[in-house]
Amino acid sequence: MITESRRPSRISRRFAELRESGEMGIVAYITAGDPSFAGTLKFVIAVAEVGADVIELGVPFSDPLADGPTIQRASERALKAGATLAGVLDLVRKIRKSNSAAAEVPIILFSYYNPIFQMGLEKFAAATSEAGVDGVLATDLTPEESVEYRRILHAQNLDTIFLGAPTSTDERLVQIAEVSSGFLYLISRTGVTGAKDSLPDELPSLLRRARMVTELPIAVGFGISQPGHVSVLGGLADAAVIGSSLVSEIEKAASIEAGASALTARIRLLKQAAQTGMSKREAAP
């Protein structure tokens, strides 16, 4: 286990603010470069302005394992438009320079390990930190294979986020929690990403098991798409990750402006659910 001293990240500070206010966070996933980087810039600014607490930027990849059809199509569109990892980092620089709430919102890169490996770990970590990224989730990198990755990223004060699943044993959840920083990302169901009508019955049990092995904030993703889902998670999770339903809005939109408007409306509803009803938790003393 890596135990080096690191200053609190933007991600950690945001979750601390949410905990103090007794509020559940909304993590918004957007595929970078779909349909263009200029469009993604407008989308990120739009969702940050209406309360998205963390932004996950998906790095387009040609051979995804965890992504469902909606995000697969988004990656295909982005790659056809010329999206690259270097382009994603340039996008982050533009977000940080924008005169908007997005300039200070925590940003996570959601990637497969191949693009990171191809760039080279040292170069990737330095460029990612310099661009203004706060954390990285390499979906297909296991804890056992992540020692060098974590050492190099942590040296650049980048959080390393790993996935826990319903199939993870208690022992495995301990391993995942030990290598995670910023927050622990729990997959709500087995299979690939995609909007669902209801949450799995076994999700509360998974969350309880995770709480027993870590003090990190816990975010839940995969299948979270409706305000009702966010309300149900209130008091159980620290944040809800919304992905496929946002990407679907972009896919359906007739223009960049229409896509930004649709994302704004959806995030506003989800944020309201996070601030009221079942999702409103008592602030920590």
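Residues numbered from 1 in each chain as written. Predicted model: local features only at pLDDT ≥ 70, side-chain atom pairs only at ≥ 80, totals over all residues. Heavy atoms only, no water.

What is the right way to look at the nonpolar core in this model?
Inside soluble globular proteins, nonpolar side chains tend to come together where they are buried. Ile55, Leu57, Leu109, Tyr149, Leu186, Leu233 and Ile267 are the most contacted members of the largest nonpolar core, which has 67 residues in total. The leading source of residues in this core is helix α12 (residues 256–275), at seven residues. (Core = buried A, V, L, I, M, F, W, Y, C linked by side-chain atoms within 4.5 Å. Buried < 20%, exposed > 50% of the residue type's maximum accessible area, 1.4 Å probe, protein only. Helix = DSSP H or I, 4+ residues; strand = E, 2+ residues; numbered from the N terminus.)

How should the confidence of the model for the protein chain be read in this particular structure?
Caution is warranted with low-pLDDT regions, since their predicted coordinates should not be read in detail. Averaged over all residues, the pLDDT of the protein chain equals 89, while 89% of them reach at least 70. Across residues 190–196, confidence stays below pLDDT 50; counting only partners more than four residues off in sequence or on other chains, it has 25 contacts. (pLDDT = per-residue confidence, 0-100. Contact = heavy atoms within 4.5 Å.)

Could you clarify how one ought to interpret the environment of Ala103 in this entry?
Structurally, Ala103 is set in the loop between α4 (85–97) and β3 (107–111). Residue classification places Ala103 among the buried residues on the basis of a relative accessible area of 10%. Separated by 10 residues in the primary sequence, Ala103 and Arg93 have C-alpha atoms spaced 9.2 Å apart. Residues within four places of Ala103 in sequence aside, it is in contact with Arg10, Ile95, Arg96 and Ser98.

I'm lost on the pattern of salt bridges in this one. Help?
Side chains bearing opposite charge may pair, as long as their charged atoms lie close to each other. Within this structure, the stated rule accounts for 21 salt bridges. Note that Lys271 is salt-bridged to Glu23, the shortest N-O span being 2.5 Å. With a gap of 248 residues between them, Lys271 in helix α12 and Glu23 in the loop between α1 (10–21) and β1 (25–31) connect regions that are remote in the sequence. Take Glu23: its relative accessible area is 12%, and that puts it in the buried class. In the salt-bridge network here, residues are joined through shared partners; they are Arg14, Glu17, Glu23, Asp53 and Lys271. (Salt bridge = Lys/Arg side-chain N within 4 Å of Asp/Glu carboxyl O.)

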